[in-house]
Amino acid sequence: MVRLTINDQMVTVPEGMTILEAARKVGIEIPHLCFLKGINDIGACRVCIVEMQGMDKLITACNTPVEEGMILYTNSPRVRATRKTNVQLILSDHDGKCATCVRSGNCLLQSLANDLGVLELPYEEIAEHNRWDRSFPLIREASKCIKCMRCIQICDRIQDMQVWNVSGSGFRTTVDVTGNVPIKEASCALCGQCITHCPVGALRERDDVDRLFEALADPETVTMVQVAPAVRTAWGEGLGLSREESTTGKLISALRQVGFDYVFDTVYSADLTIMEEGSEFLKRFQDRDSYNWPMFTSCCPGWLRFVKSQYPHLVSNLSTAKSPQQMFGAVAKTYMAQKIGVDPEKIFCVSIMPCVSKKFECDVKQVNDSGYVKDVDLVLTTRELDRLVRADRLKAEALEEEAFDKFFGEGSGAGLIFGSSGGVMEAALRSAYFLLTKKNPKPDAFKRIRGEEGWRSATFEIEGVPINVAVVSGLGNTRKLLEALKRGEVCYDFVEIMACPGGCAGGGGQPIQEGMELAPERGTILYGMDRVAQPRFSHENNAVLLTYEEFLKEPMSERAHELLHTELAEWEIE
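An account of the accompanying structure is given in this report. (Residues numbered from 1 in each chain as written. Predicted model: local features only at pLDDT ≥ 70, side-chain atom pairs only at ≥ 80, totals over all residues. Heavy atoms only, no water.)

Looking now at the overall build of the protein. Check the secondary structure of the protein and you find 18 helices and 17 strands. If you line up the protein on its principal axes, its C-alpha atoms span 80 × 55 × 45 Å. Out of the 574 residues belonging to the protein, those deemed buried represent 60%. Across the protein, contacts joining residues at least 24 apart in sequence account for 73% of those joining residues at least 6 apart. Within the structure as shown, the protein displays about 23300 Å² of accessible surface, and the carbon and sulfur contribution to it stands at 49%. Seen as two clouds, the 64 positive and the 80 negative side-chain charges of the protein have centres 3 Å apart. (Helix = DSSP H or I, 4+ residues; strand = E, 2+ residues; numbered from the N terminus. Buried < 20%, exposed > 50% of the residue type's maximum accessible area, 1.4 Å probe, protein only. Contact = heavy atoms within 4.5 Å. Areas by Shrake-Rupley, 256 points an atom, 1.4 Å probe, with all protein chains shown as cover. Lys, Arg positive; Asp, Glu negative; His and termini not counted. Charge placed at Lys NZ, Arg CZ, Asp CG, Glu CD.)

If you walk across this open sheet you meet the 4 strands as 12-17-16-15, and the pairing is mixed. In this open sheet, the two edge strands, each paired with only one partner strand, are strand 12 (295-296) and strand 15 (455-462). Bridge count for strand 16 (residues 465-473) against strand 17 (residues 494-498) is 5 bridges, and the pairing is parallel. Bridge pairing links V472 to I497 in strand 17. Most of the contacts of helix 15 (residues 475-487) go to strand 16, to which it runs at about 140°, and overall it touches strand 12, strand 15, strand 16 and strand 17. (Pairing = 2+ DSSP bridges. Axes fitted to C-alpha atoms, helices over the stretch in contact; angles between N-to-C directions.)

This paragraph deals with the packing of aromatic side chains. Under the definition given, this model contains 19 aromatic pairs. Note on Y262 and F264: the rings are 5.9 Å apart at their centroids and 15° apart in plane angle, and the pair reads as stacked. For F264, a relative accessible area of 1% puts it in the buried group. Centre to centre, the rings of F296 and W303 are 5.4 Å apart; their planes meet at 65°, and the pair counts as edge-to-face. Through successive ring pairs, a cluster of aromatic residues spans Y262, F264, Y268, F328, Y335, F407, F408 and F551. Above the face of the F360 ring, R305 is positioned so that its terminal group lies 4.6 Å from the ring centre. (Phe/Tyr/Trp six-rings, centres within 6.5 Å; stacked < 30°, edge-to-face > 60°. Lys NZ or Arg CZ within 6 Å of the ring centre and 35° of its normal.)

On inspection of all chains with the given rule, the structure shows 3 cavities of 30 Å³ or more. Split into classes, the residues belonging to the lining of the largest cavity amount to 18 nonpolar, 7 polar and 1 charged. There is about 100 Å³ of room inside the second largest cavity. If you trace the second largest cavity, you find 14 residues lining it, with C155, W164, C188, C191 and C194 closest to the centre. (1 Å grid on protein atoms, 1.4 Å probe; cavity = no way out; pocket = protein on both sides within 12 Å on 5 of 7 lines; lining within 4 Å. Points joined across faces, edges and corners; volume = space filled by probe spheres on them. Nonpolar A, V, L, I, M, F, W, Y, C, P; charged D, E, K, R; others polar.)

All right, on to helix 15 then. When the terminal C-alpha atoms of helix 15 are compared, their 18 Å separation across 13 residues agrees well with the 18 Å that a helix rising 1.5 Å per residue should span. Among the residues making up helix 15, those that are buried are L475, G476, T478, R479, L481, L482 and A484. Of the surrounding secondary structure, the elements contacted by the buried residues of helix 15 are helix 4 (150-158), strand 12, helix 9 (301-310), strand 15, strand 16 and strand 17. Where helix 15 terminates, the next one or two residues include G488, which has phi positive at roughly 80°. (Expected span 1.5 Å × (residues − 1).)

Let us look at the environment of C151. Locating C151 in the fold gives a position in helix 4. The buried category is assigned to C151, whose relative accessible area is 11%. Put simply, C151 and C198 are 47 residues apart on the chain and 6.5 Å apart in space, counted from C-alpha to C-alpha.

Another aspect to go through is the sheet that holds strand 5 (residues 71-73). Spatially, 5 strands are ordered 2-1-5-3-4 in an open sheet, and the strand pairing comes out mixed. Since the sheet does not close on itself, it has two edges, and those belong to strand 2 (9-13) and strand 4 (59-60), each with one partner. Pairing of strand 1 (residues 2-6) with strand 2, which is carried by 5 bridges, proceeds in the antiparallel orientation. Within strand 2, the position partnered with V2 by the bridge is V13. Seen against the sheet, helix 2 (residues 77-92) touches strand 3 (49-52) and strand 5 and runs at an angle of roughly 155° to strand 3.

What follows covers the nonpolar core. Generally speaking, soluble globular proteins have nonpolar side chains that are buried together. Among the nonpolar cores identified, the biggest contains 93 residues, and L109, L138, W164, F296, W303 and V469 are the most heavily contacted of them. If you tally residues by element for this core, the top one is helix 14 (residues 423-437), at 7 residues. V231, I352, C355 and C362 belong to the second largest nonpolar core, which has 61 residues in total. (Core = buried A, V, L, I, M, F, W, Y, C linked by side-chain atoms within 4.5 Å.)

Turning our attention to the side chain of T273. If you trace the backbone, T273 turns up in helix 8 (residues 266-285). Judged by its relative accessible area of 1%, T273 falls in the buried class. If sequence neighbours within four positions are ignored, T273 has contacts with G278, K322, S323, P324, M327 and F418.

With that settled, consider the layout of surface pockets. Of the voids in this model, the largest pocket is the one considered here, and its volume is about 950 Å³. Contributing to the lining of the largest pocket are 43 residues, with M516, E517, L518, A519 and P520 lying nearest its centre. For the lining of the largest pocket, the elements supplying multiple residues, two or more each, are helix 4, helix 5 (193-196) and helix 16 (519-532). Here the lining of the largest pocket is composed, by residue class, of 14 nonpolar, 19 polar and 10 charged.

Structure follows, in structure tokens:
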């Protein structure tokens with residue numbers, strides 16, 4: 001243990017702890033901008049400086065380990081003056097038009113400047129000019145970048161993609177796409193993790209809310225919205241609601257008040273996905289010699305962008321089943337339109353997703369098979385949903401509880417857990433067991449695949465036949481697994497891969513909570529919903545069963561292949 005003094009308080013902490021962590025032990029929060037524990041501790045912002053007795057230079061608290069006998073001051077006159085100056089210098093190279101910034105009110109720099117009383121800038125403002133393709137789902141506002149390097153570290157250390165790098169030198173040092181190529185030419189998976197870890201508004205999703213408003217304003221257009229499972233766990237965070245207040249019923253009510261004609265649940269099409277993907281896995285498993293192994297899930301477009309750019313030889317291993325989002329769109333403009341008596345040409349189908357990459361997916365021409373240009377017309381992230389609610393000045397806490405529209409709002413517990421890492425695998429195994437044995441397993445028979453580790457594996461037996469499965473979240477972990485497969489160190493039959501750590505619950509389109517990784521907490525909520533759901537199996541969803549009975553006939557049928565499957569080798573990745 002190490003003993004030191006911080007602001008005249010004696011502190012005893014373990015050896016190796018940083019000054020920043022030690023200060024927290026006695027309730028002292030040292031401000032910082034660039035620090036992310038275990039990911040970015042380079043002290044680039046110089047905001048976390050503290051004064052050490054006996055030393056002329058101020059030192060950074062985020063990456064300086066404690067030493068025996070240290071006497072530190074986090075709020076001495078010198079520290080206060082220098083910290084304010086450093087923030088002013090950062091602001092001089094930052095577009096400070098907060099009123100038009102998507103992060104206003106949830107910006108670490110804005111909050112810090114206010115706390116330090118920065119009311120004017122004594123320095124010339126030299127913010128970088130913005131040069132970006134505004135059609136791309138991920139937008140970088142160069143004028144807002146504070147060079148904290150978080151995006152570089154997240155992309156390198158967690159996702160192992162190296163999309164971002166330092167460019168230039170001197171006072172014109174900036175962050176840019178590696179190799180200074182246009183973002184469309186980079187191998188960006190659009191996971192959005194750089195967005196959720198940016199402390200300011202330098203990175204964001206393309207905002208498509210105005211396109212929705214145009215559709216809502218057209219009296220001839222029928223607006224239909226689907227809500228992904230992970231959205232219901234996080235939508236209230238950006239509106240100041242507690243977990244208990246931010247119910248699915250209030251979310252539905254908000255969407256109706258915004259003006260949507262129909263509000264449906266993506267859990268319905270998640271169950272549809274399980275029927276198709278589970279059936280496909282069994283077909284392949286029973287004819288092993290005709291296929292490459294393992295079979296990979298295909299519902300995460302970030303993972304699909306990754307595998308097509310990094311491991312194109314594995315594309316044939318992917319399930320051909322579309323994602324729940326795209327299955328919903330295909331069914332919306334065919335069977336749903338017939339069922340509710342609406343002209344499919346008038347339907348404007350919107351998805352609310354926890355994901356930035358879904359904006360890319362809905363534009364891929366190879367997934368639009370309904371015959372009406374696009375199956376899903378527009379994708380909004382959870383953050384855009386929250387802005388939508390705020391724009392209409394809806395009092396989220398006072399909203400009434402409402403239910404999804406009938407039939408296509410029905411879902412199972414298995415479909416709900418799609419939003420958590422391992423949920424797709426568990427849901428698929430529940431139904432694969434039934435499809436093979438004609439009897440249900442215990443609902444939690446496959447819960448050993450749950451967990452927070454980024455790479456998990458297990459072996460289950462169905463009718464005495466072992467099935468080796470793995471679950472991976474985060475592209476850095478994905479690369480490790482694929483390299484291990486290449487070296488022959490592991491062998492699996494079925495692998496679930498999600499681009500974002502923790503799965504969709506930790507998606508790049510979810511609300512941003514500074515310094516907090518909330519995917520495990522959000523995933524726990526989904527498993528709690530599954531525990532009390534009726535039914536808990538995708539193959540018992542009555543809406544899905546009726547969809548097959550009246551329209552698709554059976555899983556893997558000719559019509560199901562036409563509408564619910566895709567040739568991933570033909571996808572164009574920009």
